[in-house]
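Architecture at a glance
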Amino acid sequence: MFDLQHTLSSLKNQADWVSLRHVAEKTTYRTIRDEKADRNSISFDQGVMIEVLVEGHFGFAGTSDLSPSGIQRAFAKAVSMAKSASAYKVHEFSLEHRPLAQGSYRSPVIKPLDSFSAKEITDIFIEATKAMKISDKILSRSATTMIVETSFHSISSSGSEVDQHFSIVSTDFSTTAGTGSETQTRSDSGGLARCLQVGAEVFDRASILERCQRIAEEALELVSADNCPDTTMDLLLAPDQMTLQVHESIGHPLEYDRILGDERNYAGWSFVKPDDFGKLQYGSPLMNVTFDPTIPDALASYAFDDSGHQATKEFLIQNGLLLKGLGGLESQSRLELPGVANFRSASWNRAPIDRMANINLEPGTSKLEDMISSVERGVFMMANKSWSIDDYRNKFQFGCEYAKLIENGKLTKTLKNPNYRGTTVKFWNSLKAVSENRETYGSPYCGKGEPNQVIRVGHTTPYCLFANVEVFGA
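Residues numbered from 1 in each chain as written. Predicted model: local features only at pLDDT ≥ 70, side-chain atom pairs only at ≥ 80, totals over all residues. Heavy atoms only, no water.

Comments concerning the nonpolar core
Ile250, Tyr282, Met381, Tyr420 and Trp428 are the most contacted members of the largest nonpolar core, which totals 70 residues. By size, the runner-up hydrophobic cluster in this structure holds 25 residues, among which are Phe116, Ile121, Ala128 and Ala219. (Core = buried A, V, L, I, M, F, W, Y, C linked by side-chain atoms within 4.5 Å. Buried < 20%, exposed > 50% of the residue type's maximum accessible area, 1.4 Å probe, protein only.)

A few points about helix α3 (residues 118-131)
For α3, which comprises 14 residues, the first-to-last C-alpha distance of 20 Å matches the rise-based estimate of 20 Å (1.5 Å per residue) to within 8%. Of the positions making up α3, those classed as buried are Ile121, Ile124, Phe125, Ala128, Thr129 and Ala131. End-on view of α3: buried residues confined to an arc of 155°, all on one side of the axis. The exposed residues of α3 that point more than 90 degrees off its buried face are Lys119 and Lys130. (Helix = DSSP H or I, 4+ residues; strand = E, 2+ residues; numbered from the N terminus. Expected span 1.5 Å × (residues − 1). Arc of directions from axis to C-beta.)

Comments concerning the side chain of Ser151
Turning to its location among the elements, Ser151 is positioned in strand β5 (residues 138-156). A residue is classified by how much of its surface remains accessible, and Ser151, at 18% relative accessible area, is buried.

A few points about unusual backbone geometry
With an omega of 0°, the peptide bond running from Glu450 to Pro451 counts as cis. Inspection of the secondary structure assignment puts Pro451 in the loop between β21 (431-448) and β22 (453-472). Of note, the phi angle at Asn319 is positive, near 55°, even though the residue is not glycine. Within the element layout of this structure, Asn319 appears in the loop between β12 (314-318) and β13 (321-322). Unlike most non-glycine residues, Glu336 shows phi in positive territory, near 55°. Examined against the element boundaries, Glu336 turns out to sit in the loop between α7 (329-335) and β14 (343-344).

Any functional reading would require information that these geometric values do not contain.
Structure follows, in structure tokens:
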């Protein structure tokens, strides 16, 4: 076991402030394709990020060499980088940006991950791919899981100590149907959107088989379905598509490092300006968006961010009005705006930056059946298939896997290749109904930063109805 306290004691007098963050992660992939094992891999990674404060600037260096000499080399590099950057710093940093933090966090787990053997999971997934073979038109079927066990343990020379353990499971069931030159793929919630902080309880055979049966039936429907019409009409989005809508058109544009311009070279800017906070009517009065890393099973729940800032639920948008952005203590200080505890790193070899965590659209008061019955002519879209949004997170275009036409308040025929487009503020101001129930999804693959770091984000979203949206087929 790597001794953080002993290592810290040998370094803490050599800089104004020192922090060590040890990260260990085990990742397991299992894939069954057409009743045959396709992938079965386990990887393990660990290392330490050393952070120092020298001459009013922070310096970072990560290492997987946990020997005394390896740690000393990384420490010297972090000090050197802090001193070099200090000569050109745009802001003076202090320990106010690294508050004293002491506490722990552990993912809620009903069944420990070792409750199911590799063989038991494989058997369930073989049965799942069999359940999708309901017709000769079903061309391929797959079942995949990613299981991640991660521990973050950080201590600092100012007395902070935070221990956080994460248990993450994502599952994806997918099938492709075809006839002639037409093929259509239907998945369980749009790829790896069903990704949560949970345990082995997600490997529930009955639930999995039921979902696989449904997506196979819907894949067959799509093969013979009409294209989504090219028109302007009401648009009802399911929670699995709202996940990406929230992520791309709310989460990313509200990140303070984008607004500051730090990310413009790679991940882009934002149409949001510092003066917009407290003034911009981002959406209709039905729009209420929160940052909430306290939701028990959501993918990006935690107790403290990587600066030591305690995570709490905060309103970003309330009654459609933009109130607060996604910025950790450093960005808050630079912009002189309030923010949230979202200064996060992907692993031991990345410095923390402003990231999304759980960005959620709060539930409304409408029942789904009433939302459908209120629509004279519209389309109900589910499960993301493709996305495109400009560098300012303003103009967007999204495609979904599956859709139903709504006519005179009823769901009628299935539509294939459904797409919609819009601009962020106009789109959210067209929000006219929000369901009272919502669902939690997540993505393990949100990329940002130079060097790139891929981090996990969660979204809890309801069904949402938008007025007069441009929709189109393939």
